[in-house]
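# Architecture and fold: a report
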Amino acid sequence: MARLELISLYCEKTEDTLGSDEVYFVINGKQVGGVNSIKEAEGKDLRDISNIIFDRTAEIKLYDKDTGIFNNDDLIGSVTASSGQAGQGEMTGKFNRGGADYTLTWRIVA
Ligand SMILES: [Ca+2]
Ligand SMILES: [Ca+2]
């Protein structure tokens, strides 16, 4: 078992063409934390989100919430954290589908 600590999310470019994105995380199939409005060139501190306990790997997906009947939330991307990263300090990964550019920083604690 290992613990995933989300540290920060930086948005270089939003997924939506106009205005802010409304992002949320789904980790190993379960939504974690709330929906956060984020705009370009903005960073969010994620350390208020409780650590996530996982076995070997944690698949971290980032979605942008969209409203409207025929407008499903957009998957911005997916990165995988693994228990092998324990003790290696801060790790980073990119979410960049649909023209978006996000960087996530996390840490794995054994
Ligand atoms: Ca969108
Ligand atoms: Ca949106």
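Residues numbered from 1 in each chain as written. Chains lettered and ligands numbered in written order. Predicted model: local features only at pLDDT ≥ 70, side-chain atom pairs only at ≥ 80, totals over all residues. Heavy atoms only, no water.

Going by an unreviewed UniProt entry, the chain carries the name Allene oxide cyclase barrel-like domain-containing protein and comes from Brasilonema octagenarum UFV-OR1.

### Comments concerning the sheet that holds strand β3 (residues 30-38)
Overall, antiparallel pairing links the four strands, which are arranged β3-β2-β6-β7 in an open sheet. Strands with a single pairing partner mark the edges of an open sheet, and in this sheet they are β3 and β7 (74-82). Averaged over all pairs of adjacent strands, the angle between their axes in this sheet comes to 20°, without regard to strand direction. Pairing geometry for strand β2 (residues 21-27) and β3, over six bridges, is antiparallel. Looking across to β3, one finds that V23 is bridged to N36. (Pairing = 2+ DSSP bridges. Helix = DSSP H or I, 4+ residues; strand = E, 2+ residues; numbered from the N terminus. Axes fitted to C-alpha atoms, helices over the stretch in contact; angles between N-to-C directions.)

### Digging into the coordination of the calcium ion (ligand 1)
For the calcium ion (ligand 1), the full set of protein donor atoms is E15 (OE), D16 (OD), D64 (OD), D66 (OD), D66 (OD) and D74 (OD), and the range of their distances to it is 2.1 to 2.9 Å. The coordination sphere of the calcium ion (ligand 1) comprises six donor atoms, whose angles at the metal cover 48 to 164°; the geometry is irregular. Taken in chain order, the donor set of the calcium ion (ligand 1) reads E-D-x47-D-x1-D-x7-D. Residue classification places D64 among the buried positions, given a relative accessible area of 0%. (Donors = N, O, S within 2.8 Å, 3.2 Å for Na, K, Ca; no water. Tetrahedral: all angles 85-135°; square planar, octahedral: opposite > 155°, others 65-115°. Buried < 20%, exposed > 50% of the residue type's maximum accessible area, 1.4 Å probe, protein only.)

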